[in-house]
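Single-letter residue listing:
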There are 2 protein chains.
Amino acid sequence: MDVKELSKTIIEFYEKLSTWEEGVVKDSGLTTAQNHTIEIVGHEGAIKMKQLADKLGVTTGTLTVSIDRLEEKELLRRVPHKSDRRSYLIELTEKGQEVFKMHHNHHINLTREMMAGFSEQEQANFYGAVKKIMENF
Amino acid sequence: MDVKELSKTIIEFYEKLSTWEEGVVKDSGLTTAQNHTIEIVGHEGAIKMKQLADKLGVTTGTLTVSIDRLEEKELLRRVPHKSDRRSYLIELTEKGQEVFKMHHNHHINLTREMMAGFSEQEQANFYGAVKKIMENF
DNA sequence: TGTTTTTACCTTGACTGTCAAGATATTTGA
DNA sequence: TCAAATATCTTGACAGTCAAGGTAAAAACA
């Protein structure tokens, strides 16, 4: 297998996913940064600011502003931490959960679309390959 | 194959690539937007502003500012279009080519890393699967 | 040909995302 | 107790982005 050709194809795949994601997010009236935040809180459940900032790869200063805006949009809320009065737990509101579920469904549909024409075995092979790749880097 | 599990894995793969890319780009002193611009000009060769803006998915207003900055960094230049005096061709400078090649090599190395432990057949299967997926969406 | 429409690019104003640096409040550890 | 560490917030400075409006040139057309 020609590594250049493979590299090119992986990049194209990445770009295509990226474009798809941007389109879906924009339609929902969010920015990609805001969507990413909702995705993480949706998957992780209630999470501290600091931990969330680390997962997003931004500083806490950046996150403060970002959470302010998402709170204004009523997609998530700050809940005072029970045992640490410096800290908050961030959690999704009802509305936030809706947005999260909606986005999740979009992804499920995309995956189904992608797998059109793949046999069970081919799907399993692809899944296994991606898993293995992720262990490699 | 469970579509939810597969979807989750594809998203993780995407996120991992995204994080990798951000890291590599940041190390080179560019923003992701600037890098993306260089990638496209590198692959396409001399290209008009309008076409470049379309490929990047931004407005020409955004691109004007962006190209201004990349020209200041001496990574690319505006060359007046021969037959259309409203237009410019954007092309990489020597320095821009270097950056482009460097980034390209990073990707080649990443791909090699990813494929560690894959047989020729497995690599070809993975390549074929990704190609097929891209036709599906 | 002369005029209108379209096209390509630039400018500006407003907003988001981002970081670095510094402030405040609280917790931890010596 | 009190200094050090931690969690969050604030602010100032930029980059990226779009929309809207401006200029110049090309294209269409009457």
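Just so it is clear, the structure is predicted and the values come from calculations on it, not from any experiment.

Here is what the cut-offs are and how they apply
Residues numbered from 1 in each chain as written. Chains lettered and ligands numbered in written order. Predicted model: local features only at pLDDT ≥ 70, side-chain atom pairs only at ≥ 80, totals over all residues. Heavy atoms only, no water. Helix = DSSP H or I, 4+ residues; strand = E, 2+ residues; numbered from the N terminus. Buried < 20%, exposed > 50% of the residue type's maximum accessible area, 1.4 Å probe, protein only. Pairing = 2+ DSSP bridges. Near = heavy atom within 4 Å. Polar contact = N/O pair within 3.5 Å; in protein donor to acceptor, adjacent residues only side chain to side chain. Nonpolar A, V, L, I, M, F, W, Y, C, P; charged D, E, K, R; others polar. Least-squares fit on C-alpha atoms with pLDDT ≥ 70 in both. Contact = heavy atoms within 4.5 Å. Arc of directions from axis to C-beta. Core = buried A, V, L, I, M, F, W, Y, C linked by side-chain atoms within 4.5 Å. Buried area = accessible area lost by both parts, 1.4 Å probe. Salt bridge = Lys/Arg side-chain N within 4 Å of Asp/Glu carboxyl O.

Draft legend 1. Seen up close, the environment of Val25 of chain A. Residues and elements named next belong to chain A. Checked against the element boundaries, Val25 lands in helix 1 (residues 3–27). When its relative accessible area of 1% is taken as the criterion, Val25 is described as buried. C-alpha of Val25 to C-alpha of Lys8: the two residues are 17 residues apart in sequence and 26 Å apart in space.

Draft legend 2. Structural context of the sheet that holds strand 3 (residues 88–92) of chain B. Residues and elements named next belong to chain B. The strand order 1-3-2 describes an open sheet built from three strands, whose pairing is antiparallel. Looking at strand neighbours, the two that pair on one side only are strand 1 (47–48) and strand 2 (76–80), the edges of this open sheet. Both strand 1 and strand 3 contribute to a ladder of two bridges, which runs antiparallel. Each residue of the ladder has a partner; that of Ile47, found in strand 3, is Ile90.

Draft legend 3. Structural view of the protein's contact with DNA strand C. The environment of DNA strand C is made up of 21 residues, and the closest members are Thr31 and Thr62 of chain A together with Lys50, Arg86 and Ser87 of chain B. A share of 72% is what sugar and phosphate atoms reach among the atoms of DNA strand C within 4 Å of the protein. A distance of 2.8 Å is found between a phosphate oxygen of DNA strand C and a side-chain nitrogen or oxygen belonging to Thr62 of chain A. Met49 of chain B has a polar backbone atom sitting 3.3 Å from a phosphate oxygen of DNA strand C. Breaking the surface near DNA strand C down by element, the ones donating at least two residues are helix 2 (32–44) and helix 4 (60–72) of chain A together with helix 3 (49–56) and helix 4 (60–72) of chain B. With three residues, helix 4 of chain B is the single largest residue contributor to the surface near DNA strand C. Residue composition of the surface near DNA strand C, grouped by class: four nonpolar, 10 polar and seven charged.

Draft legend 4. Just the relation of the copies chain A and chain B, in detail. Superposition record for chain A on chain B: RMSD 0.0 Å, screw rotation 180°, translation along axis 0.0 Å. Seen this way, the second copy is the image of the first under a two-fold rotation axis. Of the residues that chain A buries at the interface, 100% are likewise interface residues in chain B, meaning the two copies contact each other through the same surface.

Draft legend 5. Representation of the protein's contact with DNA strand D within the structure. What surrounds DNA strand D is a group of 21 residues, the closest being Lys50, Arg86 and Ser87 of chain A together with Thr31 and Thr62 of chain B. Sugar and phosphate atoms represent 72% of those atoms of DNA strand D found within 4 Å of the protein. Measuring from a base oxygen of DNA strand D, one finds a side-chain N or O atom of Arg86 of chain A at 2.5 Å. Within the contact set of DNA strand D, a phosphate oxygen lies 3.2 Å away from a backbone nitrogen or oxygen of Arg85 of chain B. For the surface near DNA strand D, the elements supplying multiple residues, two or more each, are helix 3 (49–56) and helix 4 of chain A together with helix 2 (32–44) and helix 4 of chain B. Among the elements that make up the surface near DNA strand D, the one with the highest residue count is helix 4 of chain A (three residues). The residue makeup of the surface near DNA strand D, split by class, is four nonpolar, 10 polar and seven charged.

Draft legend 6. Molecular detail of helix 3 of chain A. Residue and element names in this part refer to chain A. Listed in full, the buried residues belonging to helix 3 are Met49, Leu52, Ala53 and Leu56. Looking straight down helix 3, one finds that the buried residues subtend no more than 100° of arc, so they occupy a single side. Of the exposed residues in helix 3, the ones pointing more than 90 degrees away from its buried face are Lys50 and Asp54. The secondary structure elements touched by the buried residues of helix 3 are helix 2, strand 1 (47–48), helix 4, strand 2 (76–80) and strand 3 (88–92). After helix 3 finishes, the residue Gly57 shows a positive phi value of roughly 75°.

Draft legend 7. Representation of the nonpolar core. With 34 residues, the main nonpolar core has Phe13, Met114 and Phe126 of chain A together with Phe13, Met114 and Phe126 of chain B as its most contacted residues. With seven residues, the single largest contributor to this core is helix 1 (residues 3–27) of chain B. If near-sequence neighbours (up to four positions away) are discounted, Phe126 of chain A is found in contact with Met115 of chain A together with Leu6, Ile10, Phe126, Ala129, Val130 and Ile133 of chain B.

Draft legend 8. Inspection of the pairing of strand 3 of chain A at higher detail. In this sheet, strand 3 of chain A lies alongside strand 2 of chain A in antiparallel orientation, the contact comprising five bridges. Looking across to strand 3 of chain A, one finds that Arg77 of chain A is bridged to Glu91 of chain A.

Draft legend 9. Inspection of the interface of chain A and chain B at higher detail. Counting residues at the interface gives 43 residues for chain A, matched by 43 residues for chain B. Between chain A and chain B lies a buried interface of about 4,800 Å² when both sides are counted; carbon and sulfur atoms form 73% of it. When the area that chain A buries against chain B is broken down by residue, the three leading residues are Met1, Tyr14 and Phe137 of chain A, summing to 16%. On inspection of chain A and its partner chain B, the count reaches four salt bridges. Between Glu5 of chain A and Lys131 of chain B there is a salt bridge whose closest N-O contact spans 4.0 Å. Our count for the chain A to chain B interface comes out at 20 residue pairs in polar contact (both at pLDDT 80 or more).

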